[in-house]
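Coordinate inspection notes
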Amino acid sequence: MYKRVLEIENEYNDSAFLWGARQVGKTTWLTSQYPNCRVYDLLRPSEFERLLRHPELLSEELEEFGEGDTVIIDEIQKLPQLLDEVHSLIQRKNIRFILSGSSARKLRRLGTNLLGGRATREQMYPLVSAEIPDFDLIRAVNNGMIPRHYMVQSPWERLRGYIGVYLDEEIREEALTRNLKTFSHFLEVAAQCDGEMLVYKNIAQDCGIDYRTVKEYFTILEDTLVGYLIPGFTATRKRKAITAPKFYLFDVGVANYLAHRRGMTPGSDDFGHAFEHFIIQELIAYLGYHHVEEQLTYWRSTSGYEVDAVIGEGRIAIEIKSSEEVKSRHTRGLKAFGEDFPDSRQIVVSLDKYKRKVNDIEVMPVMDFLKELWDGRII
């Protein structure tokens, strides 16, 4: 079992929503952290059906519980009506609830009781490098970081099953779209756009659907926690910036499967795309786990200069290159960005063997970067 970075304990013993895409490890983590707690698993048909028929059973069964007791409800989005009972129990008895699930979309769509600020919002991500002893970069870039996928030599059958479960249980079961076949085709097109700026009309043409439907589909990917839209950084003054967002699927292995990338080795274009995705994935997880308020963006000027990741208001700028030797030409985007933000920390993450500096820009081997990131020395 991996020791996860996630922490949801606090001095106030608050209830919490714990969100995360399917199979990132929420249930395993909850079981290990709270081995003696009452658990309601809504994936179990018998549990789901009895609470669906009689939600008030929750209050009746927890009548003897009180302050200091923790109750877990797994896959809460499957039974939103339970949240009224949860709200009442928190108010009356000060029971602590941990409510896990893969999507808050259904809860928001139905105008469900989200406990009026009485529960914190936490998110679990796929594995991160700091959680894996003897971390293998090549395996991570190829397999992705969902635990069941990272640990095997070839994850493709598991990835195929993962996509099928996502489409069937998240999309069909929750009736998020009427046309599952069209959405499935869109998902493959979206994977081809992974790490790229989004032009909705072009994607709509590729999918044969209206661009407004494409925008709605990207919203579904965000709401079901399988995709991120990274906004453009626009605060530069010397060079006009592009505002279109970039898109990344939540796990590089899922992106690889949908984009038909496999067996990648350093030096190939596919490896370069997947390597960039992996680093962005680590940054997203770090910011999320540490509740960093600064936003992750990217910067691209209309004249073509680009920086892959910008933290906050230009405080840190990161370029990601899978090159084994960063050269001056690889730093042009950072140099241009630095004209507006000369005090920014500028980093190139690469496959270089040793740390060095190129015109005051830090070149960091990827393993050094990952260690410093999770030690809190980057952000």
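None of these values were measured; they are calculated from a predicted model. (Residues numbered from 1 in each chain as written. Predicted model: local features only at pLDDT ≥ 70, side-chain atom pairs only at ≥ 80, totals over all residues. Heavy atoms only, no water.)

1. Considerations on the pairing of strand S10 (residues 316-320)
Condition: Whether a residue is buried, partly exposed or exposed follows from its accessible area with a 1.4 Å probe, protein chains only, as a fraction of its type maximum: under 20%, in between, or over 50%, in that order. A helix here means a DSSP run of H or I that spans at least four residues, while a strand means a run of E at least two residues long, and both kinds are numbered starting from the N terminus. For two strands to pair, DSSP has to find at least two bridges joining them.
The buried fraction of S10 amounts to five of the five residues, a majority that puts the element mostly inside the structure. Across the two faces of S10 the burial is the same, with Ile316, Ile318 and Ile320 and Ala317 and Glu319 all buried. Relative to S10, strand S9 (residues 306-311) runs antiparallel, the two being bridged by three bridges. Along S10, the bridge assignment pairs Ile311 with Ile316.

2. Points about the packing of helix H8 (residues 156-172) against helix H9 (residues 180-192)
Our working rule: A fitted line through C-alpha atoms represents every axis, and for helices the fit uses only the stretch in contact; the resulting angles, taken between N-to-C directions, go from 0 to 180 degrees. We call two directions roughly parallel when the angle between them is under 35 degrees, roughly antiparallel when it is over 145, roughly perpendicular when it lies between 65 and 115, and oblique otherwise. Crossings are classed by handedness, with left-handed meaning an anticlockwise turn of the near helix from the far one by less than a right angle and right-handed meaning a clockwise turn. We call two residues in contact whenever any of their non-hydrogen atoms come within 4.5 Å of each other. Each residue gets one of three labels, nonpolar for Ala, Val, Leu, Ile, Met, Phe, Trp, Tyr, Cys and Pro, charged for Asp, Glu, Lys and Arg, and polar for the others, Gly among them.
The contact between H8 and H9 brings their axes to 11 Å, and the two run at 130 degrees. Compared by their axis directions, H8 and H9 come out oblique. Between H8 and H9 lies a crossing of right-handed hand. Across from Ile163, Tyr166, Leu167, Ile171 and Arg172 in H8, the residues of H9 making contact are Leu180, Phe183, Ser184 and Leu187. A class-by-class count of the residues in the contact of H8 with H9 yields seven nonpolar, one polar and one charged.

3. Concerning the pattern of salt bridges
Stated precisely, the cut-off is as follows: By definition, a salt bridge exists where a carboxyl oxygen of Asp or Glu is found within 4 Å of a side-chain nitrogen of Lys or Arg.
This structure, assessed with the given rule, holds 20 salt bridges. Taking the shortest distance from any N to any O, the salt bridge between Arg96 and Glu9 comes out at 2.9 Å. Of this pair, Arg96 sits in strand S4 (residues 96-101) while Glu9 sits in the segment before strand S1 (15-19); the two residues are 87 residues apart in sequence, bridging distant segments of the chain. A salt bridge links Asp375 to Arg377; the nearest nitrogen and oxygen atoms lie 3.3 Å apart. The partly exposed category is assigned to Asp375, whose relative accessible area is 44%. Where salt bridges share partners, they join Lys246, Glu276, Arg300 and Glu306 into one cluster.

4. Focus: the side chain of Glu282
Test applied: Residues scored as positive are Lys and Arg, those scored as negative are Asp and Glu, and His as well as the terminal groups of each chain are ignored. Between N or O atoms, a polar contact is any pair within 3.5 Å; within protein, one atom must be a potential hydrogen donor and the other a potential acceptor, and residues adjacent in sequence are included only when both atoms are from side chains.
By the element assignment, Glu282 lies in helix H13 (residues 269-289). No salt bridge forms around the buried Glu282; measuring N to O, its nearest opposite-charge neighbour Arg4 is 9.3 Å away. Reaching out from Glu282, the side chain makes a polar contact with the side chain of Ser129 at a distance of 2.7 Å. Apart from the residues within four sequence positions on either side, Glu282 is in contact with Leu127, Val128, Ser129, Met145, Leu370, Leu373 and Trp374.

5. Structural notes on the state of the cysteines
Under the convention used in this document: In this description, the term disulfide denotes a pair of cysteine sulfurs within 2.5 Å.
Under the defined criterion, the tally for this structure stands at zero disulfides. Of all cysteine sulfurs in the structure, the one in Cys207 sits closest to Cys193, which takes part in no disulfide; the separation is 8.0 Å. When its relative accessible area of 14% is taken as the criterion, Cys193 is described as buried. Taking the relative accessible area as the measure of exposure, Cys207 reaches 11% and is therefore buried.

6. Section: the packing of aromatic side chains
The condition is simple: Only centres within 6.5 Å qualify two rings of Phe, Tyr or Trp (six-membered ring in Trp) as a pair; their planes then separate them into stacked at under 30 degrees, edge-to-face at over 60, and tilted for everything else. Charge over a ring is defined by NZ of Lys or CZ of Arg lying within 6 Å of the ring centre and within 35 degrees of the ring normal.
Counted under the stated rule, the structure contains 18 aromatic pairs. Consider the rings of Phe233 and Phe341, whose centres lie 5.5 Å apart with planes at 65 degrees: the pair is edge-to-face. In this pair, Phe233 sits in the loop between strand S6 (227-230) and strand S7 (246-249) while Phe341 sits in the loop between helix H14 (332-340) and strand S11 (345-350), placing the two residues 108 residues apart along the sequence. Since its relative accessible area comes to 5%, Phe233 is described here as buried. The class of Phe341 is buried, set by a relative accessible area of 15%. Among the aromatic residues, those joined into a ring-pair cluster are Phe183, Phe186, Tyr200, Tyr217, Phe218 and Phe247. When the ring centre of Phe48 is taken as reference, the NZ or CZ atom of Lys78 above it lies at 5.6 Å.

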